[in-house]
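Each chain, letter by letter, is given below.
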Amino acid sequence: MAAGVLLVGGLVVKKLWPPSAAPSDPEPPSDDEPPSDDEPPAEDEAVEPGTETELAPVLAAAVAAPAAVATAVLAPSGERCSGPRQAVEDASSRAEAANLEVVQAQQRARDAERRADDLRRKVDEAGGDGKWRRPVIPYALPAGTAERKLDQFLVEYENPHAPRTPNGKRGWYRTQRTTKVRGIMLSPLPPTEGAFGAGNIAYQLTVKPRGPSGHVVIDDEGVVGLLPDDHVAMHRPEADEAALVVMVARLGGDSDAEDKALRHAADWCSIHLQSHRIPTQLITREEWLDGRAGFLDAGNFAAATPDRPRPEFPWDRFMPLLHQRGSRGIPGVLPTGRKERDNGLNGQLDQAELDVDAARSEAQAAEQRARQAREETAARIQDLVACEIQGTPSPEDLLPGEPAPPPQNPDDDDEGRYYLLVHENPNASLRDNGKHGWYYPTRQSPIRGIVVHTAESFDAEGVAAYLAAVDRPAAAHVVVDPTTTVPLLPDGMTAFHAVGGNSAGLGIEIAYKAALWGTQPAVEELLLARSAVWCGLRARLHGIPVRRVTVDEWEAGAQGFISHAELDPSSRTDPGADFPWDRFLTLVARIAGAPATSPADTTAKGAPA
């Protein structure tokens with residue numbers, strides 16, 4: 001096993017390349033037939049010579065930062081970046097402390113909720129025999145869920161069609177009110193929607209391409225909490241900011257189901273009336289706009305988007321039910337005679353519920369501080385990255401050290417410069433040139449493009465050694481890492497590197513992992529610059545336009561650049577979904593002396609989504 005250590009722009013790379021560590025694949029088809037677009041597939045995505053990377057982690061805490069910069073952990077590069085590096089360390093420490101606060105606050109909230117649940121059970125068991133009993137509201141559960149918080153359904157289950165809110169989630173609501181709650185809006189659901197249970201309706205609200213939303217949805221089985229009171233539901237623009245929205249189903253149909261739904265709505269509203277000190281009165285739209293408080297009928301307010309016809313809300317039946325529940329026990333309010341009849345349990349429960357609210361608020365505040373700390377860490381890492389990549393060689397800087405492409409006929413050039421001609425592969429077929437290798441010594445078609453691969457490894461020499469020993473069709477024309485370009489085969493030979501791209505394409509292997517693009521900017525800039533030099537010289541020599549082509553265009557004979565994944569989408573993903581094509585082609589164009597055109601539509605056949 002050969003080994004070595006390389007320091008590149010502050011990145012420590014340990015090279016390990018055991019040629020015998022080739023992954024096993026099914027026996028490939030014969031490659032002894034004349035070259036064509038049906039030549040044996042190149043298993044080069046499996047080029048995995050066992051190399052591994054060790055990052056010198058002076059910024060170890062930055063691993064917990066957002067994904068776009070989480071692994072951009074760079075080792076010291078001198079005093080030039082000591083300030084930004086220290087700023088990252090400080091920000092990372094604050095982020096770790098904030099994350100710990102979140103965990104502790106969430107645990108306190110869970111403990112408080114358990115205490116409150118225990119007291120609720122005791123209060124419930126103490127009911128009867130003249131003792132006061134807290135009203136119990138059954139909470140409906142949507143299919144597929146085991147338990148549900150009482151007021152968080154739309155917060156826990158994001159709507160992918162909705163805008164992102166300050167809490168980092170998507171939903172048809174706002175997370176902070178700008179004014180005090182002074183009304184409760186009753187919104188009867190259309191019969192087509194109301195026929196479903198509250199749980200199913202809650203689920204539908206998480207997938208609708210637009211609002212409305214609400215704070216609760218109620219049917220004859222109970223209540224499903226959707227949003228906390230301090231969130232603003234998007235339901236009726238004129239009332240949203242200062243109103244709680246109660247969506248009621250099962251109205252206008254079965255009288256028994258309607259009666260149960262109204263009773264559950266009255267239970268819920270009686271609690272919130274006293275919590276927010278809202279008078280028990282129905283007011284008009286004009287009175288609401290004048291600043292009065294009370295109950296609102298959603299039918300009197302215009303919706304923000306086209307709405308389905310809704311039934312009339314039965315206020316004549318609802319208001320008497322509401323008044324009947326005025327003497328029920330309300331959190332934080334002790335009705336007459338309660339102290340003498342509840343043996344102290346209700347007072348303990350009220351305090352426990354206040355503790356729950358306080359713990360939840362504390363947890364939310366801790367989460368906000370943690371988000372800010374993570375954002376600050378990400379910003380400081382970006383500053384460090386900008387410092388690290390200063391002075392990174394450009395393609396023009398690397399150009400003088402790169403030899404010009406040789407003539408098309410490999411016989412006219414010294415074969416000693418090509419790794420796979422010097423190091424024959426004993427596991428490959430014997431070729432017409434008298435050597436063993438996974439290639440054809442000639443071409444059947446003119447060169448019209450370059451196929452971009454990642455070697456899923458970090459060292460060019462290690463990849464070359466692996467290709468010289470692999471026991472299945474796998475080759476390329478060149479492999480590059482941040483400091484080295486290793487020529488593998490002359491341009492005039494047909495390397496087995498991509499199904500459908502061998503006969504007319506050149507294959508470049510970038511010694512990097514497809515999943516890592518965007519995580520180590522300094523290293524990636526070196527890789528792109530060195531790759532651009534090789535590709536730019538070939539684009540100039542072979543007249544290849546600096547543009548991406550789709551699979552359809554390639555199969556129709558177009559010239560340009562294409563990815564391995566586009567040619568073989570069923571089994572290949574390289575060079576990766578985040579490969580910086582725009583930056584790469586811009587650098588290639590600078591060497592080729594031609595402008596880079598806009599990337600082709602990558603949604604064509606065979607292109608990854």
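Throughout what follows, the structure given in this document is the object of discussion.

Rules and cut-offs
- Residues numbered from 1 in each chain as written.
- Predicted model: local features only at pLDDT ≥ 70, side-chain atom pairs only at ≥ 80, totals over all residues.
- Heavy atoms only, no water.
- Helix = DSSP H or I, 4+ residues; strand = E, 2+ residues; numbered from the N terminus.
- Buried < 20%, exposed > 50% of the residue type's maximum accessible area, 1.4 Å probe, protein only.
- Contact = heavy atoms within 4.5 Å.
- Areas by Shrake-Rupley, 256 points an atom, 1.4 Å probe, with all protein chains shown as cover.
- 1 Å grid on protein atoms, 1.4 Å probe; cavity = no way out; pocket = protein on both sides within 12 Å on 5 of 7 lines; lining within 4 Å.
- Points joined across faces, edges and corners; volume = space filled by probe spheres on them.
- Nonpolar A, V, L, I, M, F, W, Y, C, P; charged D, E, K, R; others polar.
- Arc of directions from axis to C-beta.
- Phe/Tyr/Trp six-rings, centres within 6.5 Å; stacked < 30°, edge-to-face > 60°.
- Lys NZ or Arg CZ within 6 Å of the ring centre and 35° of its normal.
- Pairing = 2+ DSSP bridges.
- Axes fitted to C-alpha atoms, helices over the stretch in contact; angles between N-to-C directions.
- Parallel < 35°, antiparallel > 145°, perpendicular 65-115°, else oblique.
- Left-handed = near helix turned anticlockwise from the far one by under 90°.
- Core = buried A, V, L, I, M, F, W, Y, C linked by side-chain atoms within 4.5 Å.
- Salt bridge = Lys/Arg side-chain N within 4 Å of Asp/Glu carboxyl O.

Moving on: the overall build of the protein. Secondary structure assignment for the protein yields 17 helices and 17 strands. Per-residue burial for the protein yields a buried fraction of 51% across its 609 residues. By sequence separation, contacts in the protein at least 24 residues apart represent 71% of the contacts at least 6 residues apart. With an accessible surface of roughly 26900 Å², the protein has 52% of that area assigned to carbon and sulfur atoms.

Attention now moves to the layout of surface pockets. Think of a ball as big as a water molecule: rolled over the atoms, this probe shows where empty space is left. Roughly 360 Å³ of internal volume is contained in the second largest pocket. Considered class by class, the residues forming the lining of the second largest pocket number nine nonpolar, three polar and nine charged.

Okay, helix α5 (residues 198-205) next. Those residues of α5 lying buried are Ala-198, Gly-199, Ile-201, Ala-202 and Leu-205. When α5 is viewed along its axis, its buried side chains cluster within an angular range of 160 degrees and face the same direction.

With that out of the way, let us pick up the packing of aromatic side chains. Evaluated as defined, the whole model comprises 14 aromatic pairs. Between Phe-295 and Phe-318 the ring centres are 5.7 Å apart and the planes differ by 80 degrees, which places this aromatic pair in the edge-to-face class. Of the two residues, Phe-295 sits in strand β10 (residues 294-297) while Phe-318 sits in helix α8 (residues 315-324), which places them 23 residues apart along the sequence. With a relative accessible area of 0%, Phe-318 lands in the buried category. Grouping aromatic residues by their ring pairs yields a cluster made of Phe-458, Tyr-512, Trp-517, Phe-561, Phe-579, Trp-581 and Phe-584. Across the ring face of Trp-554, the terminal group of Arg-448 is positioned such that the distance to the ring centre comes to 4.3 Å. When the ring centre of Trp-581 is taken as reference, the NZ or CZ atom of Arg-548 above it lies at 4.2 Å.

What follows covers the sheet that holds strand β9 (residues 243-248). A sheet is described by the order of its strands in space; here five strands give the open sequence β7-β6-β9-β5-β10, paired in mixed fashion. Whereas interior strands pair on both sides, the edge strands pair on one side only; in this sheet they are β7 (222-225) and β10. Here the strands of the sheet are splayed against their neighbours by 25 degrees on average, with no regard to which way each runs. Sheet analysis places strand β5 (residues 183-188) next to β9, joined by six bridges and oriented parallel. Residue pairing in the sheet places Ile-184 in a bridge with Leu-244 of β9.

The buried fraction of strand β12 (residues 449-454) amounts to six of the six residues, a majority that puts the element mostly inside the structure. Here β12 shows two buried faces, one formed by Gly-449, Val-451 and His-453 and the other by Ile-450, Val-452 and Thr-454. In terms of strand pairing, β12 meets strand β16 (residues 505-510) through six bridges, oriented parallel. Opposite Thr-454, over in β16, you have Ile-510 as the bridge partner. Pairing of β12 with strand β17 (residues 560-563), which is carried by four bridges, proceeds in the parallel orientation.

This part covers the sheet that holds strand β13 (residues 478-480). With mixed pairing, the five strands of this open sheet are ordered in space as β14-β13-β16-β12-β17. At either margin of the open sheet sits one strand with a lone partner, and together these are β14 (485-487) and β17. Adjacent strand axes in the sheet meet at a mean angle of 25 degrees when their direction is disregarded. Pairing analysis gives three bridges linking β13 to β16, with the strands arranged parallel.

All right, on to the packing of helix α14 (residues 521-542) against helix α17 (residues 581-592) then. If you want to describe how two helices pack, look at the angle between their axes and the distance between the axes. The interhelical angle for the contact between α14 and α17, taken along N-to-C directions, is 45 degrees, at an axis separation of 7 Å. With respect to α17, the axis of α14 lies oblique. Viewed along their axes, α14 and α17 form a crossing whose handedness is right-handed. Residues Glu-525, Leu-528, Ala-529, Ser-531, Ala-532, Val-533, Cys-535, Gly-536, Leu-537, Ala-539 and Arg-540 of α14 touch α17, and the partners they reach there are Arg-583, Phe-584, Leu-587, Val-588, Ile-591 and Ala-592. Of the residues contributing to the contact of α14 with α17, the split by class is twelve nonpolar, two polar and three charged.

Here the focus is the nonpolar core. Phe-561 and Phe-584 are the most contacted members of the largest nonpolar core, which totals 30 residues. Looking at this core, the elements with two or more residues in it are β12, β13, β16, α14 and α17.

If you trace the backbone, Pro-191 turns up in helix α4 (residues 191-194). C-alpha separation for the pair Pro-191 and Pro-311, spaced 120 residues apart in sequence, amounts to 7.6 Å.

Time to look at the environment of Glu-456. Secondary-structure assignment places Glu-456 in the loop between β12 and α13 (460-467). A relative accessible area of 14% places Glu-456 in the buried class. Separated by 55 residues in the primary sequence, Glu-456 and Ala-511 have C-alpha atoms spaced 6.4 Å apart.

In this section: the pattern of salt bridges. A full pass over the atoms with the stated rule returns 18 salt bridges. Note that Lys-260 and Asp-256 form a salt bridge whose closest N and O atoms lie 3.7 Å from each other. One end of the pair is Lys-260 and the other is Asp-256, both in helix α6 (residues 255-275) and four residues apart, which spans about a single turn. Judged by relative accessible area, Asp-256 falls into the partly exposed class, the value being 43%.

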